[in-house]
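# Examining the three-dimensional arrangement
If you want the building blocks of each chain, they are given just below.
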Amino acid sequence: MQQKNRSFYDGLILLTFLLFSIVRFEPAPFDILIVIAILLGIALRCLNFKLWFSLSLINLLIALFIIGNLISLFFITDVGRSTFYISATVYLILLFYFVASYITSWHRLGIVWFGYLGAGLIAVIFGWFAYFNLVPFSDFMMYGPRPMALFKDPNVFGPFFVPLIAGFLAAIFYPDIWKIKKKWKILLLLIFMLSVIFSGSRGAWLNLAVAILAFLSLYFIHLRVALKKKIGITFFIFLISFIAIGSSLFLGTEYLEGRMGLQPYDETRFDKQAEAFAVSRERVLGVGPGHSEIVLEFATHSTYLRVLLENGWFSFLALIFLLIFLLWKCFKYSLILSPQKAVIFMALFASLLGILVNSFVIDTLHWRHFWVLLGIIIGLMHLFERHGKNSLLCQH
């Protein structure tokens, strides 16, 4: 009976992550199923709740981050807006803990991966079909000339694919972690890279470039790759990138070329970011969740400035320490584990670093895939630290 419950539960998680990219309306189908999954996980004992009590530093930093949010509530002027915003933040923290407590084996990591992959393919289909006006209601899935599929913003659509791209790099360079033909891996890698470029998001382009460079750097360092192989791998990446960029420019020359330079609103954005920092120095406890747009009459377009301005310096420093700690752990495991396990942490490090750089130019705090990525990192860290060398080979 226990095995049947676990199989049913794993199927539910797979379905949940297949809907990961359908988030135009809130609560999204993914959010509803996550709540159901949490409740069922408690009832069926399918989650590793002991993990929650072993994360002393993580819990402390999360607690400080939340306390900073709560303190900033004393300074709000729009109760409804703040309630909605802080509720979304708390939900995403629960999502983070849920994913971490679900990843108890290699098998379960695979379920999340294939669900995310399926969601990525769904986003590709909707985004590309809308871009070429091949489906009804194409305008609904476009932001001007930029595809966004069933996301709210092309600036989320593009970055959504970067962790998948990092995962495919790991699978191409270390085929044992996913044994399908290399040509299919390369094809999917190219499709996802094209989708990032087609999003027209400069932040997503930066995210992708940083992730690829980070992955290759760790791969070369850890495996002490011979010079000849390094040249070959670098050439392969440049070739794939050239094909992706060339194809994108051929299919959407005008709007992509227009996105490559400074935009008319960039000067206003930079001025408002400077203003956000100035205000944060005066109001060190924050102005309240979701109140950046009220205070500045403009979005901060930066996760770090939003947290600093809205939630104060305590929340800001707690979040920064949390992200640096997780980045360091990924870096560490990328260098000390055996190749099969190390490449997974290389992909996680590259994905996280890409998002953190992207976060300088866009607000990523409420990106679901950001918190899912953090949860995966914690789950795998716990597996390794608890079970040692054989942790990621456990099947159940």
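Reading the values: the criteria
Residues numbered from 1 in each chain as written. Predicted model: local features only at pLDDT ≥ 70, side-chain atom pairs only at ≥ 80, totals over all residues. Heavy atoms only, no water. Helix = DSSP H or I, 4+ residues; strand = E, 2+ residues; numbered from the N terminus. Buried < 20%, exposed > 50% of the residue type's maximum accessible area, 1.4 Å probe, protein only. Contact = heavy atoms within 4.5 Å. Areas by Shrake-Rupley, 256 points an atom, 1.4 Å probe, with all protein chains shown as cover. pLDDT = per-residue confidence, 0-100. Expected span 1.5 Å × (residues − 1). Arc of directions from axis to C-beta. Salt bridge = Lys/Arg side-chain N within 4 Å of Asp/Glu carboxyl O. Axes fitted to C-alpha atoms, helices over the stretch in contact; angles between N-to-C directions. Parallel < 35°, antiparallel > 145°, perpendicular 65-115°, else oblique. Left-handed = near helix turned anticlockwise from the far one by under 90°. Nonpolar A, V, L, I, M, F, W, Y, C, P; charged D, E, K, R; others polar.

### Some words on the overall build of the protein
Within the protein, the regular secondary structure consists of 16 helices and 2 strands. Out of the 396 residues belonging to the protein, those deemed buried represent 56%. For the protein, the proportion of contacts with a sequence separation of at least 24, taken over those separated by at least 6, is 75%. Total accessible area on the protein stands at roughly 17,800 Å², and carbon and sulfur atoms take up 71% of it.

### Re the environment of L55
Of note, L55 is situated in the loop between α2 (29-44) and α3 (56-72). Setting aside anything within four residues of it in sequence, one finds L55 in contact with Y97 and I378.

### Some words on the confidence of the model for the protein
Confidence along the protein averages 88 in pLDDT terms, with 86% of residues attaining 70 or more. Here residues 390-396 is modelled with pLDDT under 50, and outside its nearest four sequence neighbours on either side it reaches 18 contacts, counting other chains as well.

### A look at α3
Helix length check: α3 (17 residues) gives 24 Å between terminal C-alpha atoms against 24 Å at 1.5 Å per residue, within 8%. Along α3, the positions that sit buried rather than exposed are I58, L61, I62, F65, G68, N69 and S72. The arc enclosing the buried residues of α3, seen along the axis, measures out at 120°, which places them on a common side.

### Things to note about the pattern of salt bridges
The full count for this structure, using the stated rule, is 9 salt bridges. For E26, the salt bridge goes to R368, with nearest N and O atoms at 3.5 Å. Taken together, the positions of E26 in the loop between α1 (2-18) and α2 and R368 in helix α16 (residues 368-387) put the pair 342 residues apart, joining distant regions of the chain. One salt bridge connects K272 with E275, and the closest N-O pair in it is separated by 3.5 Å. Separated by 3 residues within a single helix, K272 and E275 lie in helix α12 (residues 266-282), roughly one turn from each other. On the accessibility criterion, K272 (19% relative accessible area) is buried. The exposure class assigned to E275 is partly exposed, which follows from its relative accessible area of 32%. Bridged by salt links that share partners, the residues R81, E293, R306, E310 and D363 form one connected network.

### So, the packing of helix α9 (residues 202-223) against helix α15 (residues 339-358)
For the pair α9 and α15, the least separation of the axes is 8 Å and the interaxial angle reads 150°. By the angle between their directions, the pair α9 and α15 is classed as roughly antiparallel. The handedness of the crossing between α9 and α15 is right-handed. Between α9, through G203, A204, L206, N207, V210, A211, A214, F215, L218, Y219, H222 and L223, and α15, the contact on the second element is made entirely by P339, A342, V343, M346, A347, F349, A350, L353, G354, I355, V357 and N358. Its residues assigned to classes, the contact of α9 with α15 comprises 19 nonpolar, 5 polar and no charged.

### Structural notes on the side chain of H382
Within the secondary structure, H382 sits in helix α16. When its relative accessible area of 16% is taken as the criterion, H382 is described as buried. Other than its neighbours up to four places away in sequence, H382 contacts N48, L51 and S54.

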